[in-house]
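Architecture and fold: a report
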Amino acid sequence: MPATAHLVLSGREAPDVPLARREATGEVIRITDEDLAFTAAEVRALARRLGRDERIAEPLHGWPAMVRLSLAAGAAAPWQYAREEVLGRVSDPQRLELAALAALGTGTAREVAEVTEVTGDPVSLDNLARRVPLVAVLDDGRYRAHDLWADALPRIMSGQDEQLLLERAAAVLAGRGDLARAGRLACQARNWRLLGDLAVDLVQTTLSTLPRAIAGTWLGAIPPPAAGMPEFILLRAAVLHAGDFKDPRIDPLLDRAWQGMLDRRDHRGAAAVLGQAMITAHSRADMARLAVVAEWGDRLDGPVSPVVTLLRHNVAAMRAEGGGDPEAALAEFAQAPVHEVPRALALSVWRFHFHCLNMCGRGREAAELADRTLAEAGDDLVRLSGAMARWFDGDPSDLGRLRRQGLAAIAARALPSTGAGVQARGRAPAAGTTMTTARERFVAMALAAVMGASCGEEARFPSLPCGDPADYDNARDALLACAAQAAVAVARGAEPAARQAYARHVARWPVEDRFAERHLRRFL
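Residues numbered from 1 in each chain as written. Predicted model: local features only at pLDDT ≥ 70, side-chain atom pairs only at ≥ 80, totals over all residues. Heavy atoms only, no water.

Attention now goes to the side chain of Arg144. With respect to the element layout, Arg144 can be found in strand β3 (residues 143-145). Residue class for Arg144 comes out buried when judged on its relative accessible area of 16%. When residues no more than four places from it in sequence are discounted, the contact partners of Arg144 are Asp33, Glu34, Leu101, Gly105, Thr106, Leu134, Val135, Ala136 and Leu138. (Helix = DSSP H or I, 4+ residues; strand = E, 2+ residues; numbered from the N terminus. Buried < 20%, exposed > 50% of the residue type's maximum accessible area, 1.4 Å probe, protein only. Contact = heavy atoms within 4.5 Å.)

Two elements in contact, helix α25 (residues 385-392) and helix α27 (residues 438-454), have axes separated by 13 Å at closest approach and are oriented at 60°. By the angle class used here, α25 and α27 are oblique. Crossing of α25 over α27 shows left-handed handedness. Seen from α25, the contacting residues are Met388, Trp391 and Phe392; seen from α27, they are Leu447, Val450, Met451 and Ser454. When its residues are assigned to classes, the contact of α25 with α27 shows 6 nonpolar, 1 polar and no charged. (Axes fitted to C-alpha atoms, helices over the stretch in contact; angles between N-to-C directions. Parallel < 35°, antiparallel > 145°, perpendicular 65-115°, else oblique. Left-handed = near helix turned anticlockwise from the far one by under 90°. Nonpolar A, V, L, I, M, F, W, Y, C, P; charged D, E, K, R; others polar.)

What follows concerns the sheet that holds strand β1 (residues 106-107). Pairing in this open sheet of 3 strands is antiparallel, and the strands run β1-β3-β2 from one edge to the other. For this open sheet the edge positions go to β1 and β2 (135-137), each flanked by a neighbour on one side alone. Contacting β1, β2 and β3, helix α6 (residues 92-104) crosses the sheet at an angle of about 90° to β3. (Pairing = 2+ DSSP bridges.)

Bringing the confidence of the model for the protein chain into the picture now. Close inspection of predicted coordinates is inappropriate for parts of the model with low pLDDT. Summing up the model confidence of the protein chain, the mean pLDDT is 85 and the portion of residues at 70 or higher is 91%. Per-residue pLDDT stays below 50 along residues 417-435; that stretch engages in 35 contacts with residues further than four places along the chain or on separate chains. (pLDDT = per-residue confidence, 0-100.)

All right, on to helix α4 (residues 64-73) then. Among all positions of α4, only Met66, Val67, Ser70 and Leu71 are buried. All buried residues of α4 fall inside an arc of 125° around its axis, so they share one side. Two residues or fewer after α4 comes Gly74, characterised by a positive phi angle close to 105°. (Arc of directions from axis to C-beta.)

Turning next to the environment of His355. With respect to the helices and strands, His355 occurs in helix α22 (residues 343-359). The class for His355 is buried, based on a relative accessible area of 16%. Residues His355 and Ala389, 34 residues apart in the sequence, show an inter-C-alpha distance of 9.2 Å. When near neighbours in sequence (up to four residues on either side) are disregarded, His355 contacts Glu321, His519 and Arg522.

The geometry of an aromatic ring pair comes down to the distance between the two centres and the angle between the two planes. Enumeration over the complete set of coordinates arrives at 4 aromatic pairs. Measuring from centroid to centroid gives 4.7 Å for Trp258 and Trp296, while their planes differ by 5°, and the two rings are stacked. Taken together, the positions of Trp258 in helix α17 (residues 250-263) and Trp296 in helix α19 (residues 287-298) put the pair 38 residues apart, joining distant regions of the chain. On the basis of relative accessibility, which here comes to 6%, the residue Trp296 falls in the buried class. (Phe/Tyr/Trp six-rings, centres within 6.5 Å; stacked < 30°, edge-to-face > 60°.)

Here it is, written out as structure tokens:
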């Protein structure tokens, strides 16, 4: 072909043509249905030209032909077209497969079969992708249905059939870890029992890193009669913890959720409450509350699951660490069945194990543990745990990486645009920083200040990065705030101010207190 020629291949699936070499040299441009869809601005422009309300086209996700039809002939016209020109030309089993795939968003033939409850011959979605617009095969072999078909579900199925299909799809999504979409389907089906189960999963698999936007959406969807279910009481407590771990409403909510789970003999739900109560009490360094939570674990009768066993050992480890004996905490971790529980729960225990190794001055072991267990974590800062442990242990080999990756990540989540430090007492910072909990942001800020000062980046921090250390009511958090303050002061040449900060800390939290002494030792 001449150098000026262009070849256009069009179809509902990728052509069986060898293109890899040309793609590698930048000679191939792929234009997908997402590229062809109208943008919001284009929909507005077309609506203005036709003198119609652009909101008519909102459910159509930019599909050009359907948008044009809705604006020209009314909101019902696109769905009538879909019934006559698309759905009317496929078989009943294929319509059911389309509904299942639309509910899943993306899925395999096996997952679609689970949702449709088809037995016998395996489901084949290739023909569906050929015959139905906006159904495609992805590069990994899964299939995807455009969100427009999800909105069309009520027009594909009867109300009862749709509800049952949504519930089965939510179960499949939950099984593969997509709790956000599963919860959306449960809300759509108004199945509050299912949403409650998902709420328990959400709390248990995101201990200390709850996705507040998802949880808030679910809580906003439930009707008042369902709000008293212990699952949603637990979820409310978890949302409060994520915003302010010292909120006085948290413990009473957890007490109610715990009793509700016990009354129903729901050990799975009770384990989730136990885990959240454990995290909340430890975030406050509240030893009295940890003692209460430890007793909860002993009240669960019947067969004890690995999750409950793990949580019992973790509570015992927290109490030992809070008593200034991190070595005893390590003994608890040695007995915990960490490899028998969901990875998300194991991750939270590994992080605390890592902390206790550092408390014991065993930084090299902490780094090795982090490299084995935390290097693939979803959180960018957690993935840097091994590098941080080596740095604290006197090994500067990863300092460049910490400076490049760690400070950028911390700045994105913990440094407010105003330059003010994280507020003391765990109060939530500016709205919008909802990706991590208040506790996570506080610790990130403290470590960032120490790290940044060591890297010559102290100008990015205020003189009190974590607020006034005097505002904290426990030695651990007061020390983190003090260390952040002192590190920034030293980097700015104000060593007397750093000495005074530590002197005030030791006067308030004397080294005779084992808990205070062990935390102080980390930064000296």
